[in-house]
There are 2 protein chains.
Amino acid sequence: MAPLADLYQLTMAYGQWRAGRHRLPAAAELFFRRAPFQGGFALVAGVAEGLRSLRAFRFSATDVAYLRSVLPTTTEDAFFDYLATLDTSEVTVSAMPEGSVVFPRVPFLQVKGPLLVVQLLETTLLCLVSYASLVATNAARFRLLAGPDMKLMEIGLRRAQGPDGALSASKYSYIGGFDFTSNILAGKLFGIPVCGTIAHSFIMSFTSLEEVEPRELSPLAGGQPVDLPALAESWLGRVCELLQTPPEKAKRGELAAFVSYAIAFPKDFQGLLDTYCVKRSGLPNFCAVALALHQLGYKAIGVRLDSGDLAQQSKEVRKVFRACGAHFQVPWFETIPIAVSNDISEQSLEEFSRELVEVNSSPCLKLTEDEEKMTIPGTKTIYRLYDADGHPFMDLMALEEEPSPSVGQELVVHVLGQLGEASTVIPITVERLHQTYFRNGQVCEPLPSLLEVRNHAQVSLSQLHPAHHQLYKPQPYPVAVTEKLHRLLAELQEAT
Amino acid sequence: MAPLADLYQLTMAYGQWRAGRHRLPAAAELFFRRAPFQGGFALVAGVAEGLRSLRAFRFSATDVAYLRSVLPTTTEDAFFDYLATLDTSEVTVSAMPEGSVVFPRVPFLQVKGPLLVVQLLETTLLCLVSYASLVATNAARFRLLAGPDMKLMEIGLRRAQGPDGALSASKYSYIGGFDFTSNILAGKLFGIPVCGTIAHSFIMSFTSLEEVEPRELSPLAGGQPVDLPALAESWLGRVCELLQTPPEKAKRGELAAFVSYAIAFPKDFQGLLDTYCVKRSGLPNFCAVALALHQLGYKAIGVRLDSGDLAQQSKEVRKVFRACGAHFQVPWFETIPIAVSNDISEQSLEEFSRELVEVNSSPCLKLTEDEEKMTIPGTKTIYRLYDADGHPFMDLMALEEEPSPSVGQELVVHVLGQLGEASTVIPITVERLHQTYFRNGQVCEPLPSLLEVRNHAQVSLSQLHPAHHQLYKPQPYPVAVTEKLHRLLAELQEAT
């Protein structure tokens, strides 16, 4: 995994090595400047993958030979020999547990180790953590929007950046709160529940009921098999009469596809309604097949809409289900699940940032005029402070050497964005957010399962005060620094 | 690779298998409805990867066991036995050569084979071809914008959907016309030229000239080594005087970083100007180091700007280089390359579409009211017709059994979007666009190298009339069907 880096990291590494600075103790932190999707929070994800990549970090002989061929010819040989010796045995990584809610400017992952190695790890970690966190955050936002009961399914395989991008999307959507993926490989590799029934192409591959083969289905309770195409056709007449739609507008190819699928999966029949006209074809055909199945003791599992105004159509479909349920005295018809797909997900991605914040134990600071953009210097410990209702009300950055804030004690802090003024808070609970996951080249803390991460994400989100997880224009969550860190910041500013 | 599919493709496969339709001859075509990025064309890419995935298509024993665990319990055992026997030995794939220009609605890849296998290949092919084509198209648009001489470099590793997405982006950007990637692994695996120098973090890791170590650099022509920090510091004074900027505003940490990097890579010194103030710090510091290097016989290779108004800043930097070049009599200073980065690429992606167009040799058609959205039925041969100037002026879809259009002969066609009217054209050259790449489970045509694909893309683009490759509001390129295909289309419409 070592060569998954940008070339400038190698040229800089050479600069550091040549200057004898390559083994200076250094720290790097990952955080983001703004919450993605115009929201107020993100979910931490990709930590486990990042840690695994650290464990595998090493330049092979062919890697070194390749680098020798692309770095300037003035590069000294001994540098390449040195590269071949690198590993992560002196690297320590702490992070918030995967699935944690994290706020802008709060470091959620920290890497310590020799400068050269820490710097070489930058791109790999960013690559593995940024996308993962964005996908998980996106999924969490959909979960918040959908409420706890609606089922959410990820179907991004064909739009992803190749197979791996797709697998990551499945994994991190699940962590963020989705229920299913369509991706079989993701199901197999990660144990994520998979889901899926039929596509338009299946429906289009039929043109008439004559093509249905086999044609018979036995009742669930047993007994004589029935000719399902004929039964469905007869139900279609009754449904069209009730709905006052012309039976000839209901495509028989679509009916044939539904019947064929229902015979294959009598307990799992779902209709895709929008291959042709939903109102005059998809919906009557579905109802006909579902009522035929009902007559044999089976229950259809739902319908799917994949184009047009999904909300409006869902309402109309529900109305029809109610009408059919009442008229034909099939109560379960009224609550048939309606699934919708097509362009529901995907908002534009925003970038995560990361700054190299400490070199040689003397904090450094990227200065800009804008306070908002300032990097908080030094190696920090991050605390989350909770109020009496169990809601977190502030994340607090302290210098590593400072003692932990005390529960029930007044605490002087400086909130970012209003650094000039001190304020006081009294936390009822104090949580230290980072855990050390990697030490001496090894993952040193058991990594949670995907399901554990998923649960942690939901708990972490549920603790938030609703004002902070509003999807748009959320109330900014206060992030503060201690008095001591604030003074350090002020000194650094004056010195520059 | 087989299980890289959506679950509904397996449930549909079962439906087909159960109906005895699984071995019907079928054809699927990949095309896109609109050109991405609001343009008029796309580049075909990802074909080689798609073909490789076909070769590897097979359900392993564990794949089958997994599918058994997720498909409905009513699924017959014999279906799973059948899955284990599947391969692509009966599949044929034809496609436009990778790197070809392709227009909306024109199929660029065609898969023929047994219905069930063709349908299972859908997601994998879409996943491998869509993203690749989008990236290549995006790169080609940048190349058109940049002209043939400007160098373009891809630096997307840290923003990609994980390592594989990043590698694909490097590869297909190169195909589309980029010159370099920052991604070392992409360089190593694909032979793409790599590029890169320093990041802000490197500059921020220095605070004063005392930290520079080693300090000496020998002149290029040989002779006594010189203390470069001291020499650069003295040049800084002269530069600041010329530019009328206060020398104390030029950060000495930045100067130290530049000097340190210049000592490491005296023939490859590039300055990153925007860590602090470009005008008062980055630019004077760079000029000082570059002039010091010049005194020793070395030439700096350029500067990079990574924030702010890049165009405006580039102009100002160029002005300063001209002033320094004239004042200090260093002519090459006036033409120092200026590189810019930061949010230059990335417009939102649009989706490629694909339809299953032929089953059992009887063409089928997805009907919508909108002519624009109609799928062109039947297995087709695609021709590109050229005018006397060597510009392609029309892509023509014909039924497979029709003879090739004759050069210099009048031809009756129906242009999509105006299907009602026939028009006549006389092609001066006729090119058959598809080649058969895959047959009997094997790639049957030598696949071009990355560089060959890249060259083909540029040739393909250069043949286009400029009106068709305008980046916005391009003149739509005419896509037509033959008289015979037009009649078939009309019959199908009447029949429904």
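Residues numbered from 1 in each chain as written. Chains lettered and ligands numbered in written order. Predicted model: local features only at pLDDT ≥ 70, side-chain atom pairs only at ≥ 80, totals over all residues. Heavy atoms only, no water.

Peer 1: Tell me about the pairing of strand 20 (residues 435-439) of chain A, and name the residues and values.
Peer 2: All names here are of chain A. Across 3 bridges, the pairing between strand 3 (residues 92-95) and strand 20 is antiparallel. When the bridges of strand 20 are listed, Ala95 appears paired with Gln435. Pairing of strand 20 with strand 21 (residues 442-443), which is carried by 2 bridges, proceeds in the antiparallel orientation. Among the inter-strand pairings, Arg439 is bridged to a residue of strand 21, identified as Gln442. Between strand 20 and strand 21, which pair antiparallel and follow one another directly, the connecting turn spans 2 residues, one of which, Asn440, has a positive phi of 55°. (Pairing = 2+ DSSP bridges. Helix = DSSP H or I, 4+ residues; strand = E, 2+ residues; numbered from the N terminus.)

Peer 1: Account for the interface of chain A and chain B, naming residues and giving values.
Peer 2: Counting from both sides, the interface comprises 83 residues of chain A and, opposite them, 84 residues of chain B. The junction of chain A with chain B conceals about 7700 Å² of combined surface from both sides, 63% of it contributed by carbon and sulfur atoms. It is Arg158, Gln161 and Ile184 of chain A that lose the most area in chain A upon contact with chain B, and together they represent 12% of the buried surface on that side. Where chain A touches chain B, the interface holds 4 salt bridges. Ionic pairing is found between Asp63 of chain B and Lys188 of chain A, a salt bridge with its closest N-O pair at 2.5 Å. (Contact = heavy atoms within 4.5 Å. Buried area = accessible area lost by both parts, 1.4 Å probe. Salt bridge = Lys/Arg side-chain N within 4 Å of Asp/Glu carboxyl O.)

Peer 1: An account of the relation of the copies chain A and chain B is needed here, citing residue identities and associated values.
Peer 2: With an axial shift of 0.0 Å and an RMSD of 0.0 Å, the rotation relating chain A to chain B amounts to 180°. Look at the turn and shift together and you get a two-fold axis relating the two. Interface overlap between copies: 100% of the residues of chain A at the interface are likewise at the interface in chain B, consistent with a symmetric, same-surface contact. (Least-squares fit on C-alpha atoms with pLDDT ≥ 70 in both.)

Peer 1: Mind laying out the packing of aromatic side chains, listing which residues take part and the relevant values?
Peer 2: Under the criterion given, the structure shown has 36 aromatic pairs over all chains. Ring centres of Phe265 of chain A and Tyr14 of chain B lie 4.9 Å apart, and the angle between their planes is 45°; on these two criteria the pair is classed as tilted. With Phe265 of chain A in the loop between helix 10 (252-264) and strand 10 (270-272) and Tyr14 of chain B in helix 1 (residues 7-18), this pair bridges two chains. Both rings, one in Phe32 of chain B and one in Phe108 of chain B, keep their centres 6.4 Å apart while their planes meet at 50°; by these two values the pair is tilted. (Phe/Tyr/Trp six-rings, centres within 6.5 Å; stacked < 30°, edge-to-face > 60°.)

Peer 1: For the sheet that holds strand 16 (residues 392-399) of chain B, give the residues involved together with the corresponding values.
Peer 2: Residues and elements named next belong to chain B. Ordered in space as 18-17-22-16-15-19, the 6 strands form an open sheet in which the pairing is mixed. Each edge of the open sheet is held by one strand with a lone partner, namely strand 18 (423-425) and strand 19 (429-432). When the angles between neighbouring strand axes are averaged without regard to direction, this sheet yields 40°. Where strand 16 meets strand 22 (residues 479-482), 3 bridges bridge the pair, whose relative direction is parallel. Within strand 22, the residue paired with Asp395 across the bridge is Val479. (Axes fitted to C-alpha atoms, helices over the stretch in contact; angles between N-to-C directions.)

Peer 1: Run through the pattern of salt bridges, naming residues and quoting values.
Peer 2: Residues and elements named next belong to chain A. Taken as a whole, this structure holds 28 salt bridges over all chains when the rule is applied. A salt bridge links Asp179 to Arg143; the shortest N-O distance between them is 2.7 Å. With a gap of 36 residues between them, Asp179 in the loop between helix 6 (162-176) and strand 7 (180-181) and Arg143 in helix 5 (residues 115-146) connect regions that are remote in the sequence. On the basis of relative accessible area, Asp179 is assigned to the buried category, the value being 15%. We classify Arg143 as buried; its relative accessible area is 7%. (Buried < 20%, exposed > 50% of the residue type's maximum accessible area, 1.4 Å probe, protein only.)

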